[in-house]
Amino acid sequence: MKKSSTSVQELPGAAGHLPHPPPAWRPRTDPAPLLPDPEPYRVLGTDAAAGADPALLLRLYTELVRGRRYNTQATALTKQGRLAVYPSSTGQEACQIAAALVLRQQDWLFPSYRDTLAAVARGLDPVQALTLLRGDWHTGYDPHEHRIAPLSTPLATQLPHAVGLAHAARLKGDDVVALALVGDGGTSEGDFHEALNFAAVWQVPVVFLVQNNGFAISVPLAKQSAAPSLAHKAVGYGMPGRLVDGNDAVAVHTVLGEALARAGRGGGPTLVEAVTYRIDAHTNADDATRYRAGDEVEIWRAHDPVLLLERELTARGVLDEDGIRKAADAAETMAARLRDRMNAEPVLDPMDLFAHVYAEQTVQLREQVAQLRAELDASAGEDAGEGPEEGYGEGHGEGRAEGPGEVR
């Protein structure tokens, strides 16, 4: 049977069909202003560096040095058995430090599991930032006290949470902006799409910072995305995309500052891609030599965020050898205190497993509380009627803030 070559427009009754879509298809937003620049934005080593605030530069430098030492100390603690796992951020400290310092007190930080430096730079106790990775407690700190959401181990799940909090704050009339951190691997998750789509449609005051460190564990970016850059993904959602040198702390601080100010005045969300590199392995359980060459790592060492800022400061006469030594000494003091506190055996209560799971415990959870209590009593050789106080495990730990020397 011979197939007809008649087009849809030539069929009877098709006179009303047009060869092109009607005007309703046209974009609601001009895409041109949303596109990122062709090259990552930089400050260090450019004319723009001359206008940077010296006090801010010194503070960024001090925190970068401390962050680098924090990474090396935490990595050593994993080898000593004091931490179950540690995802080092050596090489990408500038992203996290700039993110922490750019926030106002009322703003919220939504970190991923690799963003311990951001949490500590925002004021979180260094030991509390490692409590989750040690396996001692659900989070290790009160998110509301510090306005830092729990370190998120599942990829990108913190992004919808950030959007929800920022949207709720705006509905309440609160002047709050949420800054959500995620890695390049997290952009491959559905949570990333849902968060950006909702944020753009509702013009939520939230900023997304993608730390593109080159690998999602062992998978390079080229095998995750065919987009020109991750910042280009912003255009599809209807928000601006910014591309920045993630090892230039001043540039990251500048770009994030502009994005946060825009969100705060009702301009909506921004997607910022910081191009950086993960010098260390994914975690202490990973062998990075299986999927990347050593010479690649060495190339990025020459673009080290600490050295870049140090060179700028010394060249401008803002930092001298004495200042470098003081920053290093302060970082070493922090590392020694962290080491001492992490080497102390924590006093843990198994019943804390049931604290803060639900506002009101479910029937099933109450059954588990009773079962564990009975097992603990039996193992201790206690009489079944002489166990912990009635109600123990229901909201246990509420208001128990750690002291400066207490490890949990």
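Refer to the structure printed above.
The residue numbers shown here count from 1 along each chain, following its written sequence. The model is predicted, so local features are restricted to residues of pLDDT at least 70 and side-chain atom pairs to those at 80 or more, both for listing and for counting; the totals for chains, interfaces and linings are taken over all residues. In computing side-chain values, all of the structure's heavy atoms are included and hydrogens and water are not.

**Q** Where do I start with the overall build of the chain in this structure?
**A** Strands here mean DSSP runs of E at least two residues long; helices mean DSSP runs of H or I at least four residues long; both are numbered from the N terminus. If you tally the helices and strands in the chain, you get 13 helices and seven strands. Relative accessibility thresholds used throughout: buried, under 20% of the residue-type maximum; exposed, over 50%; partly exposed, between the two (1.4 Å probe, protein chains only). Taking all 408 residues of the chain together, 47% fall into the buried category. Sequence-distant contacts in the chain: of pairs separated by 6 or more residues, those separated by 24 or more amount to 75%. Roughly 20400 Å² of accessible area belongs to the chain as shown, and the carbon and sulfur atoms make up 54% of that amount. Here, two residues are considered to be in contact whenever any of their heavy atoms come within 4.5 Å of each other. Every accessible area reported is derived by Shrake-Rupley at a probe size of 1.4 Å, with residue values counting cover from the shown protein chains alone.

**Q** Is there a simple way to think about the packing of helix α1 (residues 54–79) against helix α12 (residues 321–343) in this case?
**A** Two quantities define a packed helix pair, namely the angle between the axes and the distance from one axis to the other. Every angle, taken between N-to-C directions, lies between 0 and 180 degrees, and every axis is a line fitted to C-alpha atoms, over only the stretch in contact when it is a helix. It is the contact of α1 with α12, at a shortest axis distance of 9 Å, that shows an interaxial angle of 35°. Crossing angle aside, the handedness with which α1 passes α12 is right-handed. Mapping the contact onto sequence places Y61, V65, R66, R69, Y70, Q73 and L77 in α1 and I324, A327, A328, A331, E332, M334, A335, L338, R339, M342 and N343 in α12. Considered class by class, the residues forming the contact of α1 with α12 number twelve nonpolar, two polar and four charged. For any pair of crossing helices, the crossing counts as left-handed if the nearer helix is rotated counterclockwise from the farther one by less than a right angle, and right-handed if it is rotated clockwise. The nonpolar class holds Ala, Val, Leu, Ile, Met, Phe, Trp, Tyr, Cys and Pro. Asp, Glu, Lys and Arg form the charged class, and all remaining residues, Gly among them, are polar.

**Q** Where do I start with the packing of helix α6 (residues 158–172) against helix α7 (residues 190–201) in this structure?
**A** Closest axis-to-axis distance for the α6/α7 pair is 8 Å, and the angle between their directions is 20°. Judged on the interaxial angle alone, α7 and α6 are roughly parallel. You can see that α6 and α7 cross each other, and the crossing is left-handed. Here α6 contributes L159, P160, V163 and H167 to the contact with α7, which in turn contributes D191, F192, A195, F198 and A199. Residue composition of the contact of α6 with α7, by class: seven nonpolar, one polar and one charged. Oblique is the label for every angle not falling under 35 degrees (roughly parallel), over 145 degrees (roughly antiparallel), or within 65 to 115 degrees (roughly perpendicular).

**Q** Before we go on, may I ask you to explain the nonpolar core in this structure?
**A** Throughout this description, the term nonpolar core refers to a set of buried Ala, Val, Leu, Ile, Met, Phe, Trp, Tyr and Cys residues connected via side-chain atoms within 4.5 Å. Membership of the largest hydrophobic core comes to 65 residues, with the highest contact counts inside it found for Y61, Y70, L130, L179, V207, L256 and L309. Of the residues forming this core, the biggest block, nine residues, is contributed by helix α9 (residues 249–264). For V207, the contacting residues outside a window of four places in its chain are V177, A178, L179, A180, L256, A259, L260, A263, T270 and V272.

**Q** For this particular structure, what's the right way to read the pairing of strand β3 (residues 206–212)?
**A** The side chains of a regular strand alternate, first on one face of the sheet and then on the other. With seven of its seven residues buried, β3 lies for the most part within the structure. A two-sided burial pattern is seen for β3, the buried positions comprising V206, F208, V210 and N212 on one face and V207, L209 and Q211 on the other. As paired elements, strand β2 (residues 178–183) and β3 share six bridges and run parallel to each other. Across the sheet, residue A178 finds its bridge partner in β3, namely V206. Remark: the β2/α7/β3 crossover connection has right-handed handedness. Two strands make a pair as long as DSSP finds a minimum of two bridges between them. As paired elements, β3 and strand β7 (residues 270–275) share six bridges and run parallel to each other. Bridge pairing in β7 links V210 to E273. By convention, orient the strands away from the viewer: a clockwise path from the first strand over the helix to the second makes the crossover right-handed.

**Q** Whenever I open this one, a nonpolar patch on the surface confuses me. Can you help?
**A** Each patch is built from residues lacking any salt bridge and having more than 30% relative accessible area; the joining distance is 9 Å for like charges and 5 Å for nonpolar side chains (Val, Leu, Ile, Met, Phe, Trp, Tyr). Any carboxyl oxygen of Asp or Glu within 4 Å of a side-chain nitrogen of Lys or Arg constitutes a salt bridge here. A contiguous nonpolar surface patch, about 320 Å² in accessible area, is contributed by F198, V201 and W202. If you trace the backbone, V201 turns up in helix α7.

**Q** Sorry, what's going on with the pairing of β7 here?
**A** Counting buried positions along β7 gives five out of six residues, so the element sits mostly inside the fold. Sheet topology note: the strand β6 (residues 241–245)/β7 ladder contains five bridges and is parallel. Paired with V244 across the strands is A274, a residue of β7. Regarding topology, α9 serves as the crossover connection from β6 to the parallel β7, and that connection is right-handed.

**Q** So what exactly am I meant to see when it comes to the environment of A328 here?
**A** Mapping A328 onto the fold places it in helix α12. On the basis of relative accessibility, which here comes to 36%, the residue A328 falls in the partly exposed class. Along the backbone, A328 and V65 are 263 residues apart, and their C-alpha atoms lie at a distance of 6.6 Å.

**Q** I'm lost on the pattern of salt bridges in this one. Help?
**A** It is possible for side chains bearing opposite charge to pair when their charged atoms get close. A complete count under the given rule lists 16 salt bridges for this structure. Across the pair E332 and R69 runs a salt bridge whose closest N-O atoms are separated by 2.9 Å. One end of the pair, E332, is in helix α12; the other, R69, is in helix α1, with 263 residues separating them in the sequence. Taking relative accessible area as the criterion, E332 reaches 36% and is therefore assigned partly exposed. As a salt-bridge pair, D322 and R325 come within 2.4 Å of each other at their nearest N and O atoms. Highlighted residues: D322 and R325, both in helix α12, separated by three residues, approximately one helical turn. What makes D322 partly exposed here is its relative accessible area of 29%. Connected through salt bridges with shared partners, the residues R68, E93 and D304 form a single ionic network.

**Q** Any chance you could explain the sheet that holds β2 here in plain terms?
**A** Adjacent strands of a sheet form backbone hydrogen bonds with each other and so pair up, either parallel or antiparallel. Strand order in the open sheet made by the five strands is β1-β2-β3-β7-β6, with parallel pairing throughout. Every other strand in the sheet has two partners, leaving β1 (108–110) and β6 as the edge strands with one partner each. When strand polarity is set aside, the average angle formed by the axes of neighbouring strands in this sheet is 20°. Sheet contacts for helix α2 (residues 93–102): β2, β3 and β7; angle to β3, the most-contacted strand, approximately 165°.

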